[in-house]
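The residues making up each chain are set out below.
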Amino acid sequence: MNKKILIPLIIFCLLLAGGVAYLYFNLDKQKKVNQEMQELAALDKQEMENEYQRFADQYSEMKTQISNDSIIAQLTEEQLKTQRLLKELKQVKETDAREIARLKKELATVRAVLRSYVLEIDSLNRLNQNLVEENTRVKGQYEEATKRIEGLNTEKASLSEKVAIAAQLDATNIRLIALNKKNKSTDRLSKATTLQVDFTIAKNVTASGGQKTCYVRIVSPTGSVVGNGGSFPYENKQLQCSMKKTVEYGGQETAVTTYWNITQALVPGTYQVSIFADGNMIGSRNFTFDK
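As the structure is a computational prediction, the values presented were derived from the model and not from experiment.

Cut-offs applied
Residues numbered from 1 in each chain as written. Predicted model: local features only at pLDDT ≥ 70, side-chain atom pairs only at ≥ 80, totals over all residues. Heavy atoms only, no water. Pairing = 2+ DSSP bridges. Helix = DSSP H or I, 4+ residues; strand = E, 2+ residues; numbered from the N terminus. Axes fitted to C-alpha atoms, helices over the stretch in contact; angles between N-to-C directions. 1 Å grid on protein atoms, 1.4 Å probe; cavity = no way out; pocket = protein on both sides within 12 Å on 5 of 7 lines; lining within 4 Å. Points joined across faces, edges and corners; volume = space filled by probe spheres on them. Nonpolar A, V, L, I, M, F, W, Y, C, P; charged D, E, K, R; others polar. Buried < 20%, exposed > 50% of the residue type's maximum accessible area, 1.4 Å probe, protein only. Patch = residues over 30% accessible without salt bridge, like charges linked within 9 Å, V, L, I, M, F, W, Y side chains within 5 Å. Areas by Shrake-Rupley, 256 points an atom, 1.4 Å probe, with all protein chains shown as cover. Salt bridge = Lys/Arg side-chain N within 4 Å of Asp/Glu carboxyl O. Lys, Arg positive; Asp, Glu negative; His and termini not counted. Charge placed at Lys NZ, Arg CZ, Asp CG, Glu CD.

**Student:** How would you explain the sheet that holds strand β10 (residues 280–289) if you had to name every residue and give the values?
**Tutor:** Reading across from one edge, β7-β4-β9-β10 is the order of the four strands in this open sheet, with antiparallel pairing throughout. Among the strands making up the open sheet, the edge pair consists of β7 (243–249) and β10. Averaged over all pairs of adjacent strands, the angle between strand axes in this sheet comes to 20°, irrespective of strand direction. With nine bridges connecting them, strand β9 (residues 269–277) and β10 associate as antiparallel partners. Across the sheet, serine 274 pairs through a bridge with serine 284, a residue of β10.

Given below as structure tokens:
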């Protein structure tokens, strides 16, 4: 073959091989980036599902505190809307960016409606008290407010304890860990000498600050409460707790750890851990242990 033709041909082949290698490298890199984005999208979707479920549960809790049919109907309507959006979210694929964005906007609306609703109830209660004291001067306002809060008088004492879901503490990241005599975690209760409960009081700038006593209640598979941390008031009765701890809370995320040195035989099965503070149950989770 003519040398003048051979040399350009070799150069062309080298350039072609280099281009193929470069293209393959970029495709592989893009594939990894797409995989990471899919994983982040799945985590974001799961977090949205958790929030929708939490808001639906909060509506259920609010309905247990009142007996007024009109208000219950309003709460039920908002709860059904929240559950419908949750169902839509569960059926959406993580890759459907448009639907995920729409449901994220809906989630923000649900959050705002829930917060404004309970704050409005509290505002009406306080306004009613002021109107009672100044009945003569603001009779017209008093009558209007009285109509809006009809039926709330009997529930006022109970609702004031949970003055707003917006200000209620929330326990997240709840963990129950069994520790052996070497202070190492174990899945076998027969090897455990200590139970450790960790949780986080979530950030809530609307909650009142100061010292907060957190009561941890561990219920065994047999239905009995393990440990003997004393008792605490909850819904007009005294409950036994397994352990308790007082922390300083200033509205920011606060980690809490409690311990109980095992003094009784523990049976295998599912244990329920519930956290209480400020007269409310602020979190609950189940854990299963082997023998």
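**Student:** Please provide a residue-by-residue account of the layout of surface pockets, values included.
**Tutor:** In this structure, the largest pocket occupies an estimated 940 Å³ of space. Lining the largest pocket are 33 residues, and of these Arg54, Asp170, Ala171, Ile282 and Gly283 sit closest to its centre. Secondary-structure elements contributing two or more residues to the lining of the largest pocket are α1 (3–63), α2 (69–91), β1 (171–179) and β10. For the lining of the largest pocket, the class distribution of residues is nine nonpolar, twelve polar and twelve charged. Approximately 310 Å³ is the volume found for the second largest pocket. Together, 15 residues line the second largest pocket, and Arg54, Phe55, Arg115, Lys203 and Asn204 are the ones closest to its centre. For the lining of the second largest pocket, the secondary structure elements donating two or more residues are α1 and α3 (97–133). In terms of residue count, the dominant contributor to the lining of the second largest pocket is α1 (four residues). A class-by-class count of the residues in the lining of the second largest pocket yields five nonpolar, four polar and six charged.

**Student:** Requested: an account of the environment of alanine 73, with residues and values cited.
**Tutor:** Position of alanine 73 among the secondary structure elements: in helix α2. Under the relative-accessibility criterion, alanine 73 is labelled partly exposed at 44%.

**Student:** So what about a positive patch on the surface? Which residues, and what values?
**Tutor:** Taken together, Lys181, Lys182, Arg188, Lys191 and Lys291 make up a surface patch of like positive charges. For lysine 182, the location among the structural elements is in the loop between β1 and β2 (185–186).

**Student:** Would you mind going over the pattern of salt bridges in detail, with residue names and values included?
**Tutor:** A full pass over the atoms with the stated rule returns seven salt bridges. For the salt bridge of glutamate 88 with arginine 84, the shortest nitrogen-to-oxygen distance reads 3.0 Å. On the criterion of helical spacing, the pair formed by glutamate 88 and arginine 84 is a turn pair, its members being four residues apart in helix α2. You can call glutamate 88 partly exposed: its relative accessible area is 22%. Exposure remark for arginine 84: the relative accessible area of 43% places this residue in the partly exposed category. The residue arginine 175 makes a salt bridge to aspartate 198 at a minimum N-O spacing of 2.7 Å.

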